[in-house]
Amino acid sequence: MCSFWRTITTETQKGHNYLRCTRKLGPCSQPFVREEEVARQTQAALERVTVPRDWIEWMTAELSEERRRQVAADQQQLDGLRAGIAATEQKLQRLTDAYLEGVLDIDEYRRAKAQRVEKKAGLTERLAQIERNPASWLEPADRFLKALSEATLCAEGDETAEKAKWLKKVGSNLTVRAKTIRYEFNEPWKTAEKHGRFAQPERRASASDARLGGETHHVFTTAEREGFEPSLRI
């Protein structure tokens, strides 16, 4: 079993290019394999994790709408937190006034102040979290959609070398055994493989069909849980 594009070299025989193990890492019994066959298998592998362009367009539009909703929700929450902090500060001031006027003794003042200071600290921390990470899951989702679009365009093109690079980006444990490319997709590409075009009854299902069937949306929600950041291991 040979590591994919690590210990493999190309050799030309009778006008055809063949891939074979360099045997730099030791003896290897794996047979030569035609370059065209490797290209065919690479294409087939990429097609397992790509989807029709109209699906990508629909998911991109859905993500934009979700971003708009999330921004509005975050702003509403920020406004509420800021109002809560201001109200707590007013209560702290009233407590101080009550103590200075002799309405509260020192123990009552300290207990009430501690409660309100703790509440203000919690509100302030929550405010800082939202300001630091607004709509935090949307950015990796956006990056994955862009990567998915690029992979789809690559699969539709004619550049075999680029397709090989993409397979290395989205897959791991790439090897050649018995003239067959063996690999395992990384997350979230596993999700794309499970719910992509080849998981559908029809290869070129429309975006509306995907919405009705729920498959494209499931790609979104599952990949959100797993993390949209595509692996770039080479």
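Above this text is the structure in question.
Report on the accompanying structure.

## Things to note about the environment of Leu138
Of note, Leu138 is situated in helix α4 (residues 138-156). Each C-alpha atom, one on Leu138 and one on Gln70, is 9.1 Å from the other, the two residues being 68 residues apart in sequence. With sequence-adjacent residues up to four places away left out, Leu138 is seen in contact with Leu63, Glu66, Arg67 and Gln70.

## What to know about the pairing of strand β5 (residues 171-177)
Of all seven residues in β5, five are buried; the element is thus mostly enclosed. Across five bridges, the pairing between β5 and strand β6 (residues 180-185) is antiparallel. Within the sheet, the bridge partner assigned to Val176 lies in β6 and is Ile181. Hairpin connection between β5 and β6: a loop of two residues separates the two successive antiparallel strands, and Ala178 in this loop has a positive phi of roughly 55°.

## Considerations on the pattern of salt bridges
On inspection of all chains with the given rule, the structure shows 15 salt bridges. Between Arg48 and Glu193 there is a salt bridge, and its shortest N-O distance comes to 3.1 Å. Within this pair, whereas Arg48 is found in the loop between α1 (35-47) and α2 (53-100), its partner Glu193 is found in helix α6 (residues 189-195), the two being separated by 145 residues in sequence. Classification of Arg48 as partly exposed rests on a relative accessible area of 36%. Of the charged contacts in the structure, one is a salt bridge between Lys190 and Glu184, with a shortest N-O distance of 3.0 Å. Taking relative accessible area as the criterion, Lys190 reaches 32% and is therefore assigned partly exposed.

## Some remarks on α2
When the terminal C-alpha atoms of α2 are compared, their 70 Å separation across 48 residues agrees well with the 70 Å that a helix rising 1.5 Å per residue should span. One or two residues past the end of α2 sits Gly102, with phi positive at roughly 85°.

## Examining the packing of α2 against α4
Pairs of packed helices are described in terms of their axes, by the angle between the two and the distance that separates them. α4 packs onto α2 with a crossing angle of 170° between their chain directions and a minimal axis gap of 11 Å. It follows that α2 is roughly antiparallel to α4 by the angle criterion. Taken as a pair, α2 and α4 cross one another with a handedness that is left-handed. Contact with α2, carried on its side by Arg53, Ile56, Met59, Thr60, Leu63, Glu66, Arg67 and Gln70, involves Leu138, Glu139, Ala141, Asp142, Leu145, Leu148, Ser149, Thr152, Leu153 and Glu156 of α4 and no other residues of that element. A breakdown of the residues in the contact of α2 with α4 according to their chemical character gives eight nonpolar, four polar and six charged.

## What about unusual backbone geometry?
Note the cis peptide between Glu187 and Pro188, where omega equals 5°. Looking at where Pro188 falls in the secondary structure, it is placed in the loop between β6 and α6.

## A few points about the packing of α4 against helix α5 (residues 160-170)
Where α4 contacts α5, the two axes come as close as 9 Å, and the packing angle between them is 145°. Of the two elements, α4 crosses α5, and the hand of that crossing is left-handed. Contact residues: α4 offers Ala147, Glu150, Ala151, Cys154 and Ala155, while α5 offers Glu162, Lys163 and Trp166. Grouping the constituent residues of the contact of α4 with α5 by class yields five nonpolar, no polar and three charged.

## A word on the side chain of Ser172
Positionally, Ser172 belongs in strand β5. Within polar-contact distance, the side chain of Ser172 engages the side chain of Asn186 at 3.1 Å.

## Observations regarding a nonpolar patch on the surface
Nonpolar side chains collect at one region of the surface, where Tyr99, Leu100 and Ile106 lie side by side and expose about 280 Å² of accessible area between them. Note on placement: Ile106 falls in helix α3 (residues 106-132). Residue class for Ile106 comes out partly exposed when judged on its relative accessible area of 32%.

## Here we look at the nonpolar core
Ranked by size, the top nonpolar core spans 29 residues in total, and within it Met59, Leu148, Trp166, Leu167 and Trp189 carry the most contacts. Counting residues per element, the ones that place at least two in this core are α1, α2, α4, α5, β6 and α6. With nine residues, α4 is the single largest residue contributor to this core. Leu78, Leu81, Leu123 and Leu127 belong to the second largest nonpolar core, which has six residues in total.

Cut-offs and rules
- Residues numbered from 1 in each chain as written.
- Predicted model: local features only at pLDDT ≥ 70, side-chain atom pairs only at ≥ 80, totals over all residues.
- Heavy atoms only, no water.
- Helix = DSSP H or I, 4+ residues; strand = E, 2+ residues; numbered from the N terminus.
- Contact = heavy atoms within 4.5 Å.
- Buried < 20%, exposed > 50% of the residue type's maximum accessible area, 1.4 Å probe, protein only.
- Pairing = 2+ DSSP bridges.
- Salt bridge = Lys/Arg side-chain N within 4 Å of Asp/Glu carboxyl O.
- Expected span 1.5 Å × (residues − 1).
- Axes fitted to C-alpha atoms, helices over the stretch in contact; angles between N-to-C directions.
- Parallel < 35°, antiparallel > 145°, perpendicular 65-115°, else oblique.
- Left-handed = near helix turned anticlockwise from the far one by under 90°.
- Nonpolar A, V, L, I, M, F, W, Y, C, P; charged D, E, K, R; others polar.
- Polar contact = N/O pair within 3.5 Å; in protein donor to acceptor, adjacent residues only side chain to side chain.
- Patch = residues over 30% accessible without salt bridge, like charges linked within 9 Å, V, L, I, M, F, W, Y side chains within 5 Å.
- Areas by Shrake-Rupley, 256 points an atom, 1.4 Å probe, with all protein chains shown as cover.
- Core = buried A, V, L, I, M, F, W, Y, C linked by side-chain atoms within 4.5 Å.

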